[in-house]
Amino acid sequence: REERKREEEEGEEMMKRRIASSSASRRRLRGSFSFLGVFLSLLCCCFSLSCMVLTPVDADESSHRYVAGEAVTLWTNKVGPYNNPQETFNYFTLPFCKQGREHIQRKFGSLGNVLMGNELVKSNLHHFKFLEDMPKTSYCDQVLTKQDVEKMIDVIDQNYWFEFYVDDLPIWGFIGKPTKASSDQGQGQQETASMYTHQKFVIGHNGDRIIHVHLTMMDPVLLDATRDEQRMTFTYEVTYEDTTNSFHRRYEQYLDFNFFQHKIHWFSVFNSFMMVIFLVGLVSMILLRTLRKDYARYAKEDELDSLERDMNDEYGWKLVHGDVFRPPQKLMWLSAMYGIGIQFCVQAVVVVLAVICGSLFMESGAVLNTVILSGALISFVGGYFSGSYYAQSDGKNWIKTMILSTALFPGVSFAILFVLNTIAWVHNSMVAIPFLYIVMLVVLFFFVTFPLSLAGTIVGRNWNGVPNYPCRIKRIPSPVPFKKWYLTPSAISLLG
């Protein structure tokens, strides 16, 4: 009884000290409002910088409106194997149509576009005019060497595809198709490839706006690796057609309409819904019945004195109720992970709402831009919950916790990105991020994410740092019984 009374007195004294420290922290927080004013002004400047970084580069077709006879630009983007979409290279790495590469005009676009591996290069060989049909026209006449032919055969065998852009609309096509040809030595069929030499563009327009662009690859020419040289002539044609589709719904053509046109089985949906309600109700009844018995037993124990109450054997969740809110051994790591998890949940809700309410899918890389910018701004939420939980658990090294919660996920992501980016640079892949955009990400972290996380940690530990637990915390940890070898975490992990 004396020990129990002494523990209660110690708990009350500790609560008073925490309340006193909380009031002192609040007074310090009032004195730091001037610092926050300077911080907010700096934050506005950083936000303007981040907006300039994330804003797409305007091109000639930025208005998406054309007049008859106006030039329409064709942008080449990337090529790569169909079975590995992450392995992409620049379109002009292929050994054909080397004319027109003297004056290359590039357009990287927004930060999200670059992270997606897009690097648009203006095609100087295709010349489109709005509402002007173009008959079959030659745009490239080249002699392929034996090495070029062998490379093209290997590329076609891997099902290489390419990507173009016209008025921000993506176009895809294959370079060629694998075929079989008769061998000169009479050895039967030999594996080779045929290369498409004609591109047919069908551009749909509604008034002065482009609605869709369809590309058809035609006229395959058999590649012969036994010859020293092979002359290839590449042609294209353009045809315009009227359409009644709206400009604001033109990106819906890239959705999987076969998926959305499936008939909804309302009976199955209703059956699943009722099954979920039944199971939730059953589990709730079991829990309420168990808790009702526990509450009734504890109500009877309130009539007993302290000695008789301590002599009673506890069972069920009552055994660990005093150990649930004790600070863990790795409090700093738990606080950091807790703040990062809350930040991810809030960020996911914000991004989903932004996609639903806006039209982010209409611009390439806009969704990724939203993810990056929202992650930088919502770091305040992660710092707030991390700092508040660490202060409620009576943590002392809040600065280290703040740094860990701020730099844990970006640090791991940057390390993985550095390794992958180095591999992409070695292989000359387009997924390699340019150095300038890496610097932009670093600036965004140090001038937006870090200050907001610092502010969130300060606010959290001062305004929500007093614990409000529903039960008393035991000072002495409860003994943990020894587990059998087959109940250890390693054995359970091996068994799955």
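For the structure itself, look to the data block above.
Model, not experiment: these values are computed from the prediction.

Draft legend 1. Just the environment of Val-352, in detail. For Val-352, the position within the fold is in helix α8 (residues 331–357). For Val-352 and Thr-370, which are 18 residues apart along the polypeptide, the C-alpha to C-alpha distance reads 10.0 Å.

Draft legend 2. Inspection of the pairing of strand β2 (residues 74–81) at higher detail. Along β2, eight of the eight residues are buried, which leaves the element largely enclosed by surrounding structure. Here seven bridges tie β2 to strand β8 (residues 160–166), and the two strands are oriented antiparallel to one another. The residue of β8 that forms the bridge with Pro-81 is Tyr-160. When β2 meets strand β5 (residues 120–122), the two strands line up antiparallel, connected through two bridges. Bridge pairing links Trp-75 to Lys-122 in β5. Inspection of the sheet shows β2 paired to strand β3 (residues 89–90) by two bridges, in the antiparallel sense. When the sheet's bridge partners are listed, Val-79 is paired in β3 with Phe-89.

Draft legend 3. Molecular detail of a nonpolar patch on the surface. A surface patch of nonpolar side chains, amounting to about 1,000 Å² of accessible area, comprises Val-412, Phe-414, Ile-416, Leu-417, Phe-418, Val-419, Leu-420, Ile-423, Val-442, Phe-446 and Phe-447. Residue assignment for the nonpolar patch shows that the elements contributing at least two residues are α11 (398–426) and α12 (435–463). Of the residues forming the nonpolar patch, the biggest block, eight residues, is contributed by α11. The topology assignment puts Phe-447 in helix α12.

Draft legend 4. Geometry of the pattern of salt bridges. For the structure shown, the criterion picks out five salt bridges. As a salt-bridge pair, Asp-219 and Lys-136 come within 3.1 Å of each other at their nearest N and O atoms. Of this pair, Asp-219 sits in strand β12 (residues 209–222) while Lys-136 sits in strand β7 (residues 134–145), and the two are 83 residues apart along the sequence. We classify Asp-219 as partly exposed; its relative accessible area is 33%. Among the salt bridges present, the one from Asp-141 reaches Arg-231, with a minimum N-O distance of 3.5 Å. With Asp-141 in strand β7 and Arg-231 in strand β13 (residues 229–242), the pair connects residues that are 90 residues apart, well separated along the chain.

Draft legend 5. Region of interest: unusual backbone geometry. For Asp-167, which is not glycine, the phi torsion reads 55 degrees and is therefore positive. Residue position: Asp-167 is located in the loop between β8 and β9 (169–174). Even without glycine at this site, Asn-428 takes up a positive phi of about 55 degrees. For Asn-428, the location among the structural elements is in the loop between α11 and α12.

Draft legend 6. Representation of the nonpolar core. Counting 46 residues, the largest nonpolar core has Phe-96, Phe-128, Ile-175, Met-195 and Phe-201 as its most contacted members. Counting only elements with at least two residues in this core, the list comes to β2, β7, α4 (146–157), β8, β9, β11 (189–206), β12 and β13. With near-sequence residues (within four places) excluded, Phe-128 lies in contact with Glu-70, Ala-71, Val-72, Leu-74, Val-166, Phe-201, Ile-203, Tyr-236, Val-238 and Tyr-240. Core analysis: the next-biggest nonpolar cluster, separate from the first, contains 10 residues, Leu-111, Ile-372, Ala-376 and Ile-433 among them.

Draft legend 7. Region of the structure containing the environment of Phe-385. For Phe-385, the location among the structural elements is in helix α10 (residues 379–392). For the pair formed by Phe-385 and Ala-336, sequence separation is 49 residues and the distance between their alpha carbons is 8.9 Å. The residues contacting Phe-385, other than those within four sequence positions of it, are Tyr-338, Gly-339 and Ile-342.

Draft legend 8. Here's a closer look at α4. The terminal C-alpha atoms of α4, which comprises 12 residues, lie 17 Å apart, in line with the 16 Å expected from a rise of 1.5 Å per residue. Two residues or fewer after α4 comes Asn-159, characterised by a positive phi angle close to 55 degrees.

Draft legend 9. Looking closely at the packing of helix α9 (residues 366–377) against α12. Where α9 contacts α12, the axes come no closer than 7 Å and their chain directions differ by 45 degrees. In this view, α9 runs oblique relative to α12, as classed from their interaxial angle. Only Leu-444, Val-448, Thr-449 and Leu-452 of α12 make contact with α9, whose side of the interface consists of Ile-372, Ala-376 and Leu-377.

About the criteria used
Residues numbered from 1 in each chain as written. Predicted model: local features only at pLDDT ≥ 70, side-chain atom pairs only at ≥ 80, totals over all residues. Heavy atoms only, no water. Helix = DSSP H or I, 4+ residues; strand = E, 2+ residues; numbered from the N terminus. Buried < 20%, exposed > 50% of the residue type's maximum accessible area, 1.4 Å probe, protein only. Pairing = 2+ DSSP bridges. Patch = residues over 30% accessible without salt bridge, like charges linked within 9 Å, V, L, I, M, F, W, Y side chains within 5 Å. Areas by Shrake-Rupley, 256 points an atom, 1.4 Å probe, with all protein chains shown as cover. Salt bridge = Lys/Arg side-chain N within 4 Å of Asp/Glu carboxyl O. Core = buried A, V, L, I, M, F, W, Y, C linked by side-chain atoms within 4.5 Å. Contact = heavy atoms within 4.5 Å. Expected span 1.5 Å × (residues − 1). Axes fitted to C-alpha atoms, helices over the stretch in contact; angles between N-to-C directions. Parallel < 35°, antiparallel > 145°, perpendicular 65-115°, else oblique.

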